[in-house]
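Architecture at a glance
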Amino acid sequence: MWRTRAAAACVICRSLAKSNYGIKRKSPLQNLHLVSRSIHHPYYPSSKFQRPPLRISIQQFSSLNRLPFRKTKLLNVKYGYQSYRNFWLARLASRLLRIRYIILGSAVGGGYTAKKTYDQWKDMMPDLDDYKWIVPDFIWELDEHIDFEKIIKALPDADDLAKLLPDFDKIGESFASLKGFFSPGYNLVSEVIGASDLLLLLGSPGETAFRATDQGYDNDKQYKKVSDKEKIDQLQEELLRTQLKYQRMLERLEKENKELRKLVLQRDDKGIHQRKLKKSLIDMYSEVLDILSDYDASYNTQDHLPRVVVVGDQSAGKTSVLEMIAQARIFPRGSGEMMTRSPVKVTLSEGPHHVALFKDSSREFDLTKEEDLAALRNEIEIRMRNSVKEGCTVSTETISLSVKGPGLQRMVLVDLPGVISTVTSGMAPDTKETIFSISKAYMQNPNAIILCIQDGSVDAERSIVTDLVSQMDPQGKRTIFVLTKVDLAEKNVASPSRIQQIIEGKLFPMKALGYFAVVTGKGNSSESIESIKEYEEEFFQNSKLLKTSMLKAHQVTTKNLSLAVSDCFWKMVRESVEQQADAFKATRFNLETEWKNNYPRLRELDRNELFEKAKNEILDEVISLTQVTPKHWEEILQKTLWERVSTHVIENIYLPAAQTMNSGTFNTTVDIKLKQWTDKQLPNKAVEVAWETLQEEFSRFMTEPKGKEHDDIFDKLKQAVKEESIKRHKWNERAEDSLRVIQHNALEDRSISDKQQWDAAIHFMEETLQSRLKDTESVIEDMVGPDWKKRWMYWIGRTKEQNIRNETKNELEKLIKCNEEHAAYLANDEVTTVRKNLEARGITVDPCLIKDTWHQIYRRYFLKTALNHCNLCRRGFYYYQRHFVDSELECNDIVLFWRIQRMLAITANTLRQQLTNTEVRRLEKNVKEVLEDFAEDSEKKVKLLTGKRVQLAEDLKKVREIQEKLEAFIEALHQEK
């Protein structure tokens, strides 16, 4: 047993000396200890005789649990041997076994001493929180990805070592497992060395810092002292170089990724590889915002969907920042002039080609071509100016623009007009208030991301937008602050710490989620995006602001800004979009309930559907014009035409001709005047009458109630269509020429073929003369006042002027009675005679009054005489037909009225043919064109189709569409997540 222990002790010494734990090897015999050699070779060399080898059997041995050994069985006595006892050897072995306890004690003591030394160093070291920014973020997250406790637990323990087999060849490996006892101390020392290296990397302050370096297998350590300032400067320079190196590598990888992504998207466009891309998300979201921008919120359905609202003082660089994010110079620019005159919604999405297009246009602008960029800037400027109303400087109308390209961050940004402090000449007086109201309207959305742009080259005290932003977002939970023109700020600002205060949020009275410093060029409008990026990178690489730790690496460049804004935008979208979808769902329920209660028997037709219904009704009514009978057209045309020309016929043709002395002169005068009338006035009058008749019939069909089917909601639209169609319609120019020939031929004919036509002409003449006589009697009554019957019955009297005219009338009637064949005009001496007769009775009369009164008195006398002559001519057809000449019965006036009547009938027939064959169809065509124009003009439809019912149906349709698109967007968002 003692020999066995001695052998074990020898193995321990050998394993400790060479530190080859767990390695199986057989040592040469000459390297073994004296005791070991005596155990392995029982033939002791110093003995005088040889002994046979001992047969011993040993149980499983372990120095950890000290299991008892079996007694040694010696050989039989017949060989002549007996038990050999050497007590000095046992004592030597027991002393050697104490080495195990020395090693165990040393391990425990060394571990405790190392832990105590580590605690002392740890207490001496300062707080490293101020230097955490130097180390990348993933270093601090190592413990989240690597479980060190599991690694420690995976090391073998004492229980596992107790199960080793008792093979002597493996005893070295069993004793090598004693390294588990030394591991705590060894690990503590390693932790201390690692902590020292980490402190040196972080640049922790202190008088000295130690760097441990491995040299060979023995891990020898060397230390050197470095001052705080040199160490921090060295680390910062090294950190900047490393950051720039990895930044360039990252840009190269991003460029390669962009090209690969471009190829993938191009394949998707060609249909080779069909799948949904992430870009569809932002497109779906942008469609929802476009619908909301056109939505009339009459029922308090407010839009709280997230957007990135870009606000800032005028010329602060808002547009330049937006262009850097979009990676294209897409906005018009000017020096110190207000260029953004209306909100511009820019939807950034990923696509195979860098293009831009407007919501209401199919044209794509290639942003890689300078001519397309110039055309795009010009188009935006034109749209801005067209959206501004007369007398205003800015507009609330939103211009929607979509920009697609490889590598663009998906988001929706709204560029607002710059905030101004003073209204200059040429601006509307309310420009400042309008800009403030537009900015507040967008920023008061609780889910809007506010991108506050501040010019770094001007004094902070001159900022206006920061106060406005602090009012709308006091806690800064949705605000991102951007300091532009940092290159000018570093050059012009006397104290660089002022820039640091701005970026740290200590200078302005506002809070923000993040603070960024960017450079958007040198102020040259012809700079490209790539040159601006290079200039920005070069500036921050050499900037003292970054070297002196006034700015942090993640707070600079528009690339980091774009990533941060995109992350905030999508985070806000994910947090709020479902809530907004529920809000629109509740709004939809309220609107549907209101419709069911107010219009239970009507379909929910929106403005477009109502317009289509009205369009069909109007076209049906236009077609109804072709169903009007020819007789109806001719009656209306003949009646209207005579009403229009009767005055000219009576006053300018009939009355002058009737003053002649014989029939020959009468006919000559009539022919001449009819010819002049036909050549100059009659065809034009006839066309005017026909056009007015068509308008009246068209209006009658358009405005005629349809009974229960009539819907008064279309009245405005029908009236507008009627007016616009009539305005556009022009009668055929050749119609007058053909009509002139027909009318001239009709008036040339004097042959009355039968008695029926003769009687018809007499009837026509009587009606005309009686109508004129009635009008003349009415005029005379107004001149002289009521007669004695009316004065007695209605207790009314005459005025002084009426009394004078009555006395004048009586004198003129006496004059006619004296000479029944008196001419139509009074001679001057006759006027003087009448005036003197009245003056003799004490009535002073003006000669003009006498002539006016005579005109009406003679007209009445003449019409009465003509009616009497008309009655006499009823029996004159026989004399007319036989061409008898009888001075007492000349009926030339009957022939005149027959010619007029026949001309009217022929003209009405001709106009009716033109109406039914040509003009009605042309009018129908004009109506269709007007309806098509109205269909494309949304403002016109909104103006013409109004009312609570229309608005309710329109809101209901919009809310349904918004809710459906939001639900589709949420589903796609969940699939992507």
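Residues numbered from 1 in each chain as written. Predicted model: local features only at pLDDT ≥ 70, side-chain atom pairs only at ≥ 80, totals over all residues. Heavy atoms only, no water.

Per an unreviewed UniProt entry, the protein chain is named Dynamin-like GTPase OPA1, mitochondrial, and its organism is Aythya fuligula.

Quick look at the nonpolar core
Here is the rule we go by: Only buried residues count toward a nonpolar core. Its members are Ala, Val, Leu, Ile, Met, Phe, Trp, Tyr and Cys residues joined through side-chain atoms within 4.5 Å. Residue burial is assigned from relative accessible area. The probe radius is 1.4 Å, only protein chains are included, and a residue is buried under 20% of its type maximum, exposed over 50%, and partly exposed in between. Each helix corresponds to a stretch of at least 4 residues labelled H or I by DSSP, and each strand to a stretch of at least 2 residues labelled E; elements are numbered beginning at the N terminus. The contact definition used throughout considers only heavy atoms, calling two residues in contact when any of these lie within 4.5 Å.
If you look at the biggest cluster of nonpolar residues, it comprises 98 residues, and the most contacted ones within it are Tyr 654, Trp 677, Trp 758, Ile 894 and Ile 900. Among the elements that line this core, the one with the most residues is helix α33 (residues 892–936), at 17 residues. Excluding residues within four positions of it along the chain, Ile 900 makes contact with Trp 642, Val 649, Leu 674, Trp 677, Leu 747 and Phe 764. Judged by nonpolar contacts, the second largest core, of 66 residues, contains Ile 282, Val 288, Ile 291 and Ile 453.

Comments concerning the packing of helix α21 (residues 607–624) against helix α35 (residues 948–976)
Going by this rule: A fitted line through C-alpha atoms serves as each axis, taken over the contacting stretch for helices, and the angle formed by two N-to-C directions is quoted from 0 to 180°. Each angle gets one of four labels, with under 35 degrees taken as roughly parallel, over 145 as roughly antiparallel, 65 to 115 as roughly perpendicular, and the rest as oblique. Each residue gets one of three labels, nonpolar for Ala, Val, Leu, Ile, Met, Phe, Trp, Tyr, Cys and Pro, charged for Asp, Glu, Lys and Arg, and polar for the others, Gly among them.
Direction vectors running N to C along α21 and α35 enclose 125 degrees, while the axes themselves pass 8 Å from each other. Considering the angle they form, α21 stands oblique to α35. Together, Arg 607, Asn 608 and Leu 610 of α21 and Arg 949, Val 950, Gln 951, Glu 954 and Lys 957 of α35 make up the contact between the two elements. Each residue belonging to the contact of α21 with α35 can be placed in one class, and the counts come to two nonpolar, two polar and four charged.

Considering the packing of aromatic side chains
To be explicit about the condition: Pairing of aromatic rings covers Phe, Tyr and Trp, the last counted by its six-membered ring, and requires centre-to-centre distances within 6.5 Å; plane angles under 30 degrees mean stacked, over 60 mean edge-to-face, and any other angle means tilted. Two conditions define a charge located above a ring, namely a distance within 6 Å from the ring centre to NZ of Lys or CZ of Arg, and an angle within 35 degrees of the ring normal.
The tally for this structure, following the rule as stated, stands at 15 aromatic pairs. Ring geometry for Phe 481 versus Tyr 515: centroids 5.7 Å apart, planes at 50 degrees, classification tilted. Placement of the pair is Phe 481 in strand β8 (residues 479–484) and Tyr 515 in strand β9 (residues 514–517), with a sequence separation of 34 residues. Looking at Phe 481, the relative accessible area reads 0%, which means it is buried. On the basis of relative accessible area, Tyr 515 is assigned to the buried category, the value being 13%. A centroid spacing of 5.7 Å and a plane angle of 55 degrees characterise the contact between Tyr 654 and Phe 862, whose relative ring orientation is tilted. Here Tyr 654 is found in helix α22 (residues 630–658), whereas its partner Phe 862 is found in helix α31 (residues 847–872), with 208 residues between them in sequence. Here Tyr 654 matches Phe 862 in class, with each residue buried. Members of the aromatic cluster, connected to one another through ring pairs, are Trp 642, Tyr 654, Phe 764, Phe 862 and Phe 897. Directly above the ring of Phe 358 sits Arg 383, whose terminal nitrogen or CZ lies 4.0 Å from the centroid.

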